[in-house]
Amino acid sequence: MRFVIIGTSAAGLAGAETARRFAPQATITLISDESHLPYSRPLLTYLLGGETTREKLFLRSPEYFRDWGFEALLGTPVTRVDPQAHEVHLADGRAIPYDRLLIASGANPRMPRIPGLELEGVFTLRHLADAERLERHLAKARRVTVVGAGAVGLKAADALSHRGLKVDLLARGAQPLSKVLDPVSARLLMEALQRLGITLHLHSWPTAVVGAGGRVTALALNDGRELPTEAVIFSVGVAPRVEFLAGTELSGPDGIPVNELMGTADPDIFAAGDCVLPRHLITGEPAAFHIWPAAVAQGEVAGANLAGAGRRYDGILPMNSLSLTGCRIITGGHLQPNTPEGEVFEELDAKTGRFKRLVFDQGRLVGATLVGEVRHAGIYFQLIAQKIPVKELPCDPRSPEFHPGRLWARPLPGAA
Ligand SMILES: Cc1cc2nc3c(=O)[nH]c(=O)nc-3n(C[C@H](O)[C@H](O)[C@H](O)COP(=O)(O)OP(=O)(O)OC[C@H]3O[C@@H](n4cnc5c(N)ncnc54)[C@H](O)[C@@H]3O)c2cc1C
């Protein structure tokens, strides 16, 4: 059997390693347009903030591909997949044949359609090459603007302020992380940003990047202001990297639709990670949500199924984990109940800024947000993922007596 995998990041590596375990004799070829050894994207903002080093980003050793018996085609863009011929076409003109293909090509940053994007000083942050380019530019900059207050934008703003830069952060809505945070958590987050000296501009977005002599000097905003800046980092969401599938039936605009085996419309092609449109764990609806652990879990399922193992993916539980200087937030599942019988439980310790918010619906925990004290997040997400009725738990998560240790005192319902 010959397996080909496009992508050498979270989903691609998990897929390759799982496929190898299930099919020790298979030929496994990994293709990436990046020439680096596999590295951690979540650590890129920590690299920017000087909290880690370039060497510590790398997830695998230089001997990795040889040790696992993988053929690696690095620095090699894929231009086209031909499902009929069972071939992957490369930019250098080669065609690589496959019996089964795993597409783990991730996503690319979206960019707004505004003038001035060609100016020196305009950045996105997705690849190690972006971080390295930004690093060189920052040596000459004192004032930076981050456009977009989602998780990556917030982490980037934190990292830049950590290294002493004056940071402006633009949020399109009334608060940062507007899709995933309730008002109380958002207020705690905004207070943390203020303590960090980050200037948050709400209801703000750029209409043009302004420059002089080919370099960025300011950002024109929707309200008519001109915000002086020496660099702009756009972090306004991502789009699946599926351009090489043009002309096939495999992908839609929000990603590659997959079934519970991570299989696509073609029985010999599987897909995993940020490029797919999986199902939501709780609602069962398609949900594009881009996080590292989900890419790994999907990659493992897809990798096993390359080898015909028939493994199933339960669905994605959307969650965000944000660790900013002086503020930790974990949130996952539903922000609000879906039915009128639902209930939201909130507990705020105003002195410490600790906050717990639990969302219940149809007798089950369906969402949780923890600010400040996040130690027990894992147990809440287990309860959400396993859909265990609260009345079957030894103690109610709303009770002051609740402690994860009480759950472990006797086996969870359904546990072997
Ligand atoms: C700055 C930053 C911080 C983040 N922080 C977090 C975090 O704290 N927690 C979290 O859970 N997630 C975080 N994420 C998201 C996380 O990194 C992604 O969900 C994860 O990387 C997805 O993995 P993937 O394997 O699907 O795709 P990717 O990591 O995007 O990898 C895709 C791979 O495919 C290759 N590829 C794509 N197209 C082609 C082509 N045409 N030809 C050849 N090769 C191709 C790429 O080179 C790459 O190897 C962060 C992301 C960024 C950018």
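No experiment lies behind these values; they were computed from the predicted model shown.

Peer 1: Hey, could you run me through the nonpolar core in this one?
Peer 2: Within soluble globular proteins, side chains that are nonpolar generally end up buried alongside one another. Formed by 50 residues in total, the largest nonpolar core has its most connected members in Val81, Val88, Leu101 and Ile103. Setting aside residues no more than four positions away along its own chain, Val88 makes contact with Val4, Ile6, Ile31, Val78, Arg80, Val81, Arg94, Ala95, Ile96, Tyr98 and Leu101. If you look at the next biggest cluster of nonpolar residues, it comprises 41 residues, including Ala159, Ala231, Leu322 and Leu324.

Peer 1: In this structure, what is going on with the sheet that holds strand β16 (residues 231–234)? I would like to understand it.
Peer 2: In a beta sheet, neighbouring strands pair by backbone hydrogen bonds and run either parallel or antiparallel. With respect to topology, five strands assemble into an open sheet ordered β9-β16-β10-β11-β12, the strand pairing being parallel. Each having just a single partner strand, β9 (122–124) and β12 (199–201) make up the two edges of the open sheet. Across the sheet, the mean angle separating the axes of adjacent strands is 20° when strand polarity is ignored. Two strands pair when backbone bridges link them, and β9 and β16 are joined in this way by three bridges, in the parallel orientation. Bridge pairing links Val122 to Val232 in β16. Helix α6 (residues 151–162) contacts β10 (143–147), β11 (166–170) and β16 of the sheet and is inclined by roughly 165° relative to β11.

Peer 1: Just to check I follow, could you spell out the layout of surface pockets for this structure?
Peer 2: Empty pockets left among the atoms are what a rolling probe the size of a water molecule brings to light. Estimates place the volume of the second largest pocket at around 420 Å³. If you go around the second largest pocket, you meet 21 residues; those closest to its centre are Glu347, Lys356, Glu373, His376 and Tyr380. The biggest single contributor to the lining of the second largest pocket is strand β23 (residues 343–349), with four residues. Class assignment of the residues belonging to the lining of the second largest pocket gives a composition of ten nonpolar, four polar and seven charged.

Peer 1: Please clarify how the packing of helix α1 (residues 10–22) against helix α8 (residues 292–306) should be interpreted in this entry.
Peer 2: Between α1 and α8, the least distance of the axes is 7 Å, while the angle of their chain directions is 35°. Relative to α8, the crossing made by α1 is right-handed. Of the residues in α8, those in contact with Ala10, Ala11, Ala14, Gly15, Thr18, Ala19 and Phe22 of α1 are Trp292, Ala295, Val296, Gly299, Glu300, Gly303, Ala304 and Leu306. Across the contact of α1 with α8, the residue classes break down as ten nonpolar, four polar and one charged.

The rules we used
Residues numbered from 1 in each chain as written. Predicted model: local features only at pLDDT ≥ 70, side-chain atom pairs only at ≥ 80, totals over all residues. Heavy atoms only, no water. Core = buried A, V, L, I, M, F, W, Y, C linked by side-chain atoms within 4.5 Å. Buried < 20%, exposed > 50% of the residue type's maximum accessible area, 1.4 Å probe, protein only. Contact = heavy atoms within 4.5 Å. Pairing = 2+ DSSP bridges. Helix = DSSP H or I, 4+ residues; strand = E, 2+ residues; numbered from the N terminus. Axes fitted to C-alpha atoms, helices over the stretch in contact; angles between N-to-C directions. 1 Å grid on protein atoms, 1.4 Å probe; cavity = no way out; pocket = protein on both sides within 12 Å on 5 of 7 lines; lining within 4 Å. Points joined across faces, edges and corners; volume = space filled by probe spheres on them. Nonpolar A, V, L, I, M, F, W, Y, C, P; charged D, E, K, R; others polar. Left-handed = near helix turned anticlockwise from the far one by under 90°.

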